[in-house]
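Coordinate inspection notes
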Amino acid sequence: MRLFTLRNTMRMALWGGIAAAVLALVGFIAAAVYVVRVTDDLPNHRQLEEYTPPIMSRVHAGDGLLIAEYAREHRVFVPIDNIPQNVVHAFISAEDKNFYEHGGLDLRGIIRAAVSNIGNVLNGRRLEGASTITQQVAKNFLLSSEQRIERKVREMVLSRRIERAFTKDEILELYLNEIYLGNRAYGVAAAALNYFGKSLDELELHEIAYLAALPKGPANYHPERRREEAIARRNWVIGRMLDNGYISAEAAEEARAQPLQVVDRLSGATYTAAEYFVENVRRQVFSMYGEDELYDGGLSIRTTLDTSMQLAARRALRDGLEAYDRRHGYRGPLETIEPGEGWEERLAAVETPRDLDEGWMPAVVLGTTASAARIGLMSGEEGEIPMSALEWARETRPDGELGPVVSRPSQVLGEGDVILVASIAGQDEYEEGQYGLRQVPEINGGILAMDPHTGRVLAMVGGYSFQHSQFNRATQARRQPGSSFKPFVYASALDHGYTPASLILDAPFVASGGPEERFYMPSNYSDRYYGMSTLRLGLELSRNVMTVRLAQEMGMQPIVEYGERFGIYDDMEPVLAMALGAGETTLERLVAAYAALVNGGREVEPTILDRVQDRSGETIYAHEVLPCETCDVETWSGDLLEPVFPEVREEVVDPVTAYQVVHMLEGAVQRGTGTALRALGRPLGGKTGTTNDFRDAWFVGFGPDLVVGVYVGFDTPYQLGDGEAGGRVAAPIARDFLAAALENYPVAPFRVPEGVRLVPVDRQSGEPGALGQPGVILEAFRPGTEPSRDTEEDESGLSFARATVSDDPLALLLADEAGEEGEEDNDDELGGLY
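Note that the structure is a prediction, hence the values are computed from the model and not measured.

1. Remarks on the overall build of the protein
Across its full length, the protein carries 25 helices and 25 strands. Burial analysis of the protein (834 residues in total) assigns 50% to the buried set. At a minimum sequence separation of 6, the contacts of the protein that also span at least 24 residues come to 69%. Total accessible area computed for the protein in this model is approximately 39000 Å², and 50% of it derives from carbon and sulfur atoms.

Right under this line is the structure:
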């Protein structure tokens, strides 16, 4: 009986074994069929040989500082040979310690993960993966990230194929340049920059370990929101590197002790100041090469920006706009909150303006006394605004007038007012804890500085704040330049028979108006007339009436030609009002026109780009490529001279004429409307501009090697207020900029071209004089046009100019009635149409 049972058991075991073998064979066949089916249409892994990932384009200033990056995926491709070994070891330790031993699949890792995951499932923990670096390459490059068995099988097959087709270093290169590590960073090089502001070779061990901690989930190890988890994961990576023998115990201990500190790249004053400039660069490169090349092409864009000048330009513009705003009173609090206990939370909930000036902060008024206002700050600290710091804050009324003089803080501030303040400790004997009231200006403007010889834009600020308004008032705002156009009227006159000493009558003037006005009657800023005046005097003191009379004598056609030749206008109307800058143009165009005067009469094309290179380093754009036969010789020999570059720029005005205008504009700084620059104590020229009803204020100032233009006005044209002319509003901004910008420029006179004779004359009468006599200056003439004692009898252009006005009986009568010259004008507006 026992024998029968044993035989029966053996028979059943045999049949069971056979059945199991059959089932295993069927399973194997089924699995093989499944694998063949799901891998039948696998992507070609050979395409990885042509890997050209999207790379961010980077923008550098002319002084080499990185100022912007454009990218859909922030990536900097780095060949494996240039990736430090510690970076490689950290990622291998964290992600695939057997990378150099397996053939794409880590069987030991799979078994280990399977065993660990039993406990993970029972304890509700996250499952542990077993993907190798090669598998991650297959998934990231060739497959999707969907969590399906089919995708995993395809990934494993591809991994095997990749291992047979590529070396380990090639696989690592793909992985380390492609993987997403959070903070907008793809690849280890971009992550090093975005987290730590460093290149790969500058990273310390603890920073490398943190980057290697991120592939499992950057959001899980955020350096600020999940700091404890981030440090723990970083330290785990350091431990794995120690276990694998890549670092010593001392190095591991030191790295674990380091704090986790990340940086906010491309932030701070330097980058904020460049925002308008950078946006112009983005627009231009986009128009040249398209969206894909800009955001994915890895362009290296070298610009003309001088970052120190840019900071000075932004500071000067902001200070000037704030100074104007303070002259026109206080517009009230940002908001009013409930005072009393809990004010800190209520203040923190108030939305304050972005991009506040340095040192500005929100505060709430807690109460007022006869001598000060008590305020609370976001930090919970308290301070005060002294009465003397509130005297400017008179009420701003709709008609532009100011309210009554402030005599007590309660006239300006009320309990619960949310305001902006800045510390004034140390200013005018103010003490710690004392603050001044601030407000963001409503007025706006732009400033642009240029090299007059190359057209390189060295600084550009298009408004008070790019974050408030991206409209660029330096390049996009088209407004009337007013009297700042006059130098080109006088340049036209100098090329048509006049000299700086030619006399023009400054007396009431009436001409036929256009279709909407019967008469055109310009007026001077002072509403006074000064009789016979030299061209120099008319330009220095910005006389409107004599400028219009000059335009009528010459005819508008020469002025139209010069306005268009200098690039100020495209299609200038030949009407008298245009001689006073009644046409609309941009600040960039006007500065470029002045640059042509400064450089000796050559056309200047403003540029913000020096060079653009593609991802391989090949130059695909260069702003200035000059022909030079001796620049590319293989060897230098003693008989070779320095390269001589031919002049390829178009001459828009005769060099002598250009210098004569520049010389007269030097006088505008010394004695006329540009005296704001006189304090800088070096040879400078400049011209103000103010339009009708004080709606726009301009100033263009320059030295031999730098031109700067300033425009100030409301975006919706509105009166700036009585007396708010270019000399008061715009010129101080240019002065403050030049004071900083010219520190690295030598003090040098303007270059005098050939064909100029400097002759002593009386600047008011134009008569010859002797240096040292009152009113006598050295004037610039073309040889043969300088005045002499018998000027009235010769046939020179000067005599012609005098005869022109003296032949007009009405003009002489009006000149007699106008009387002798009185006080000098400060700056002129356009005059009105009557």
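After that view, the rundown keeps rolling.
2. Some details on the sheet that holds strand β5 (residues 300-303)
Pairing within the open sheet is mixed, and its 5 strands lie in the order β2-β1-β5-β18-β19. A single partner strand is all that each edge strand has here, and the edge strands are β2 (66-70) and β19 (619-622). Across the sheet, the mean angle separating the axes of adjacent strands is 15 degrees when strand polarity is ignored. Bridge count between strand β18 (residues 609-613) and β19: 3 bridges; the pairing is antiparallel. Directly across from arginine 611, in β19, lies its bridge partner alanine 622.

3. Brief notes about the nonpolar core
By size, the foremost hydrophobic cluster in this structure holds 85 residues, and its most contacted members are Val281, Phe488, Ile559 and Phe566. The residues touching valine 281, leaving out its near neighbours within four places in the chain, are Val59, Tyr70, Ile301, Thr303, Ile608 and Leu609. Among the nonpolar cores identified, the runner-up in size contains 57 residues, and Phe99, Ala190, Phe196 and Ala209 belong to it.

4. What to know about the packing of helix α8 (residues 205-212) against helix α9 (residues 227-243)
Where α8 meets α9, the closest approach of the two axes is 8 Å, and the angle between their N-to-C directions is 105 degrees. As the angle between them shows, α8 and α9 are arranged roughly perpendicular. Taking contact as the criterion, the partners of Leu205, His206, Ala209, Tyr210 and Ala212 in α8 are, on α9, Ala230, Arg234, Val237, Ile238 and Met241. Its residues assigned to classes, the contact of α8 with α9 comprises 8 nonpolar, 1 polar and 1 charged.

5. A look at the confidence of the model for the protein
The share of residues in the protein with pLDDT of 70 or more is 84%, and the mean pLDDT across the chain is 86. Under a pLDDT of 50 for its full length, residues 791-834 has, in the predicted model, 122 contacts with residues more than four places off or in other chains.

6. Concerning the sheet that holds strand β22 (residues 706-713)
Strand order in the open sheet formed by 5 strands is β13-β12-β22-β21-β20, and the pairing between neighbours is antiparallel. Of all the strands in the sheet, the pair left with one neighbour each is β13 (457-461) and β20 (685-690). This sheet shows a mean twist of 5 degrees between the axes of neighbouring strands, independent of strand direction. Pairing of strand β21 (residues 696-703) with β22, which is carried by 8 bridges, proceeds in the antiparallel orientation. Across the sheet, residue glycine 701 finds its bridge partner in β22, namely valine 708. Helix-sheet contacts for helix α21 (residues 655-671) involve β20 and β21, and the interaxial angle to β20 is about 70 degrees.

7. Side note on unusual backbone geometry
A positive phi angle is found at aspartate 428, which is not glycine, with a value near 50 degrees. Relative to the assigned elements, aspartate 428 resides in the loop between β10 (417-423) and β11 (435-438). Aspartate 428 sits in the exposed class, given a relative accessible area of 71%.

8. A closer look at the pairing of strand β7 (residues 360-368)
Judged by how many residues are buried, β7 sits mostly within the fold: 7 of 9 residues are covered. As paired elements, β7 and strand β8 (residues 372-377) share 5 bridges and run antiparallel to each other. Counterpart to threonine 368 in the pairing with β8 is alanine 373. Remark: 3 residues form the turn of the hairpin made by β7 and β8, two consecutive strands paired antiparallel.

9. Some details on a negative patch on the surface
Where like charges cluster on the molecular surface, the negative patch consists of Glu561, Glu564, Asp571 and Glu573. Structurally, glutamate 561 can be placed in helix α19 (residues 556-565).

10. Remarks on helix α16 (residues 486-494)
With 9 of 9 residues buried, α16 is to be regarded as a mostly interior element. Of the residues making up α16, those classed as buried are Lys486, Pro487, Phe488, Val489, Tyr490, Ala491, Ser492, Ala493 and Leu494. Buried-residue contacts for α16 involve α17 (535-540), α18 (544-554), α19, α20 (587-598), α21 and β20.

Rules and cut-offs
- Along each chain, the written sequence defines residue order, and numbers are assigned to residues from 1.
- Whole-chain, interface and lining totals are the exception, using all residues; otherwise, since this is a predicted model, local features are given only for residues with pLDDT of at least 70 and side-chain atom pairs are given and counted only at 80 or more.
- Side-chain figures throughout are based on the complete set of non-hydrogen atoms in the structure, without hydrogens or water.
- Every helix listed is a DSSP run of H or I at least four residues long, and every strand listed is a run of E at least two residues long, numbered separately from the N terminus.
- Relative accessible area decides the class of each residue, using a 1.4 Å probe on protein chains only: under 20% of the type maximum gives buried, over 50% gives exposed, and in between gives partly exposed.
- Any two residues having at least one pair of non-hydrogen atoms within 4.5 Å are treated as being in contact.
- Surface accessibility follows the Shrake-Rupley procedure with a 1.4 Å probe radius. Residue values consider only the protein chains on display as shielding.
- For two strands to be treated as a pair, DSSP must find at least two bridges joining them.
- Inter-axis angles, ranging from 0 to 180 degrees, are taken between N-to-C directions of lines fitted to C-alpha atoms, where helices are fitted over the stretch in contact.
- Among buried residues, those of type Ala, Val, Leu, Ile, Met, Phe, Trp, Tyr and Cys that are joined through side-chain atoms within 4.5 Å constitute a nonpolar core.
- Oblique is the label for any angle not covered by the other classes, which are roughly parallel (under 35 degrees), roughly antiparallel (over 145) and roughly perpendicular (65 to 115).
- Classes in brief: Ala, Val, Leu, Ile, Met, Phe, Trp, Tyr, Cys and Pro nonpolar; Asp, Glu, Lys and Arg charged; the others, Gly included, polar.
- What pLDDT conveys is the predictor's confidence in a given residue, as a value from 0 to 100.
- Patch definition: residues above 30% relative accessible area lacking any salt bridge, with like charges linked at up to 9 Å and the nonpolar side chains Val, Leu, Ile, Met, Phe, Trp and Tyr linked at up to 5 Å.
- A pairing counts as a salt bridge when a side-chain nitrogen of Lys or Arg comes within 4 Å of a carboxyl oxygen of Asp or Glu.
- Lys and Arg are tallied as positive, Asp and Glu as negative. Neither His nor the chain termini are counted.
- To locate a charge, the coordinates of NZ of Lys, CZ of Arg, CG of Asp or CD of Glu are taken.

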